[in-house]
Amino acid sequence: MVVGERLVPADVIVAGERIVEIVDHGGADTTGCEVIDAGGLLVLPGAIDPHVHFDEPGRVEWEGFDFGSAAAASGGVTTVVDMPIDSDPPTTTAARLLAKAQAATRSSRVDVAFWGGLIPGSTNHLDELVAAGAVGFKAFACPSGWDDFPAVDEPTLVIGLRTAARHGLPVALHCELASFGHTVESEVEAVRWAAALSVQHDAHLHVVHASSAAAVDEACRWRGVTIETCPHYLTLTDVDVERLGPVALCAPPMRDEANRRAMWDRVRDGAIYCIASDHSPCPPERKQGSAPWMGVSGVETTLPVLLTTGELSVPQVSRLTTAAARLLRLERKGAIAPGFDADLALVDPEAEWTVAPDTLLNRHRLSPFAGRTLRGRVMRTVVRGRTVFTLADGPCEPGGGQPLRPTYSRAMRGSASA
């Protein structure tokens, strides 16, 4: 069991939705209790994925909370944070955020938090988005691919940074500039532009899905900037994209092998704060033609992929896949400790399995890791004390997940700042 930064033999005692005690293995009085035997398994705090696109309401045929949460649960993810851009309409007002929360309550098996959208037309709605429970604001430094979610200009980004700073929330930014294309220079220049503004306004900038070591290095030069990357940038390269085709196309793109190795160095030295999937599915036909959708599916493979690489210890994997709890002020998430929600992933570290349509639960059964054999299989996922997935029986019925909102004080922000 991962407790803090250690892997220890222990038993966890749950009452209702919360963890009440951690005791030495075999030391619990189980009289009258339901017992889940985790012998031979790793017991991890449920992963928190701070970057998913479940596309509901409005584009359920792309993914939706039903399929998305089933995929998340099968990967040991117990909390997802949904992005605002792919819903129709996008999540740029309090009413739209509440509509998304209602959709999640109906259909999600896992708990869900929400980013609010920062675009030139949403600046008058930012305070109401915070009041409705947004964990922060998400913006693009380049065109997002949707006409109703345009890139931020500098005045809009400044307003977003100021408002976020006032509430102690982060601004998450897709760091590419249209004038530079999908190059490393594009990432670096976008980080430099936004980070300078965030420092000027004493705000917290969160660089999402960093793909290049140079962009990570630039972000580390600035106070109060945190960095996220994704498993595909740590395990796939431009050569793999040529082999796999559109299923592996995303923005920013996979880069060369030297960069991939350098990204692992930055994960190990602590420059990268958290790892997210950037789960961005689409109907299969949207991956075809001259302008395929730039996104990959990955919410269900993050934990197994990271465990398979052997680059990190199990506690390190756990820390990187739960750090978003601190980043986004989700107070009772991200640890196996008394008082925390009983969110658990039980993983067989020796089980090998091949990623394929019949082992995936996302709506369209697509993955850039298809055909890969992974080591480490989620056997059971528990959300607030309730089993939502077992490998034997699959996901539970839709619903049961709860909308989340930031819960602890602004003074805690420093614990998530670089």
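Report follows, based on the coordinates.

Conventions adopted
- Residues numbered from 1 in each chain as written.
- Predicted model: local features only at pLDDT ≥ 70, side-chain atom pairs only at ≥ 80, totals over all residues.
- Heavy atoms only, no water.
- Axes fitted to C-alpha atoms, helices over the stretch in contact; angles between N-to-C directions.
- Helix = DSSP H or I, 4+ residues; strand = E, 2+ residues; numbered from the N terminus.
- Parallel < 35°, antiparallel > 145°, perpendicular 65-115°, else oblique.
- Left-handed = near helix turned anticlockwise from the far one by under 90°.
- Contact = heavy atoms within 4.5 Å.
- Nonpolar A, V, L, I, M, F, W, Y, C, P; charged D, E, K, R; others polar.
- Salt bridge = Lys/Arg side-chain N within 4 Å of Asp/Glu carboxyl O.
- Buried < 20%, exposed > 50% of the residue type's maximum accessible area, 1.4 Å probe, protein only.
- Pairing = 2+ DSSP bridges.
- Phe/Tyr/Trp six-rings, centres within 6.5 Å; stacked < 30°, edge-to-face > 60°.
- Lys NZ or Arg CZ within 6 Å of the ring centre and 35° of its normal.

### Looking at the packing of helix 4 (residues 154-167) against helix 5 (residues 184-200)
Helices that pack against each other are described as a pair by the angle of their axes relative to one another and the distance between those axes. Direction vectors running N to C along helix 4 and helix 5 enclose 45°, while the axes themselves pass 10 Å from each other. Between helix 4 and helix 5, the angle is such that the two are oblique. Like other packed secondary-structure pairs, helix 4 and helix 5 cross with a definite hand, here right-handed. Every residue of helix 5 that contacts helix 4 at E154, L157, V158 and L161 is listed here: W193, A194, L197 and S198. Taken together, the residues that form the contact of helix 4 with helix 5 break down as six nonpolar, one polar and one charged.

### So, the pattern of salt bridges
In total, this model carries 24 salt bridges according to the counting rule given. Notably, a salt bridge pairs D217 with R266, separated by 2.9 Å at the nearest N-O pair. In this pair, D217 is assigned in helix 6 (residues 213-220) and R266 in helix 9 (residues 257-268), connecting sequence segments 49 residues apart. When its relative accessible area of 18% is taken as the criterion, R266 is described as buried.

### With respect to the pairing of strand 3 (residues 10-15)
Note that strand 3 and strand 4 (residues 18-24) share six bridges and pair antiparallel. When the bridges of strand 4 are listed, V12 appears paired with I22. Connecting the antiparallel pair strand 3 and strand 4 is a turn made up of two residues, with G16 showing a positive phi of about 65°.

### Let's talk about the sheet that holds strand 8 (residues 111-114)
The three strands are arranged 6-7-8 in an open sheet whose pairing can be described as parallel. Each edge of the open sheet carries a strand with a single partner, namely strand 6 (47-52) and strand 8. Neighbour-to-neighbour, the strand axes of this sheet turn through a mean angle of 25°, independent of strand direction. Pairing of strand 7 (residues 77-82) with strand 8, which is carried by four bridges, proceeds in the parallel orientation. Bridging from a neighbouring strand, V81 pairs with A113 of strand 8. On the sheet, helix 2 (residues 94-107) packs against strand 7 and strand 8 and is oriented at approximately 170° with respect to strand 8.

### Observations regarding the sheet that holds strand 5 (residues 42-45)
Within the open sheet, the five strands sit side by side as 5-15-16-17-18. Their pairing is antiparallel. Unpaired on one side and paired on the other, strand 5 and strand 18 (394-395) mark the two borders of the sheet. Where strand 5 meets strand 15 (residues 344-354), four bridges bridge the pair, whose relative direction is antiparallel. Residue pairing for strand 15: P45 is matched across the bridge by L344. The sheet contacts of helix 10 (residues 302-309) involve strand 5, strand 15 and strand 16 (373-383), and relative to strand 16 the element is tilted by about 135°.

### Looking at the pairing of strand 17 (residues 386-390)
Both faces of the sheet carry side chains from a regular strand, because those side chains alternate between them. When strand 16 meets strand 17, the two strands line up antiparallel, connected through four bridges. Pairing of V383 across the sheet is with R386, part of strand 17. The turn linking strand 16 back onto strand 17 is made up of two residues, and R384 within it adopts a positive phi angle of 50°. With two bridges connecting them, strand 17 and strand 18 associate as antiparallel partners. Bridging from a neighbouring strand, T390 pairs with G394 of strand 18. Counting the residues in the hairpin turn of strand 17 and strand 18 gives three residues.

### Remarks on the packing of aromatic side chains
Under the definition given, this model contains five aromatic pairs. Ring plane angle 50° and centroid distance 5.6 Å describe the contact between W146 and W293, whose orientation is recorded as tilted. Note that W146 is positioned in the loop between strand 10 (137-140) and helix 4 and W293 in the loop between strand 14 (274-275) and helix 10, a separation of 147 residues in sequence. Across the pair, W293 and W146 agree in class, each one buried. A connected cluster of aromatic rings, assembled from ring pairs, spans W62, W146 and W293. Above the ring of W146, the side-chain terminus of R59 is found at 3.7 Å from the ring centroid. In this arrangement the basic side chain of R377 is found over the ring face of W353, its NZ or CZ atom lying 4.0 Å from the centre.

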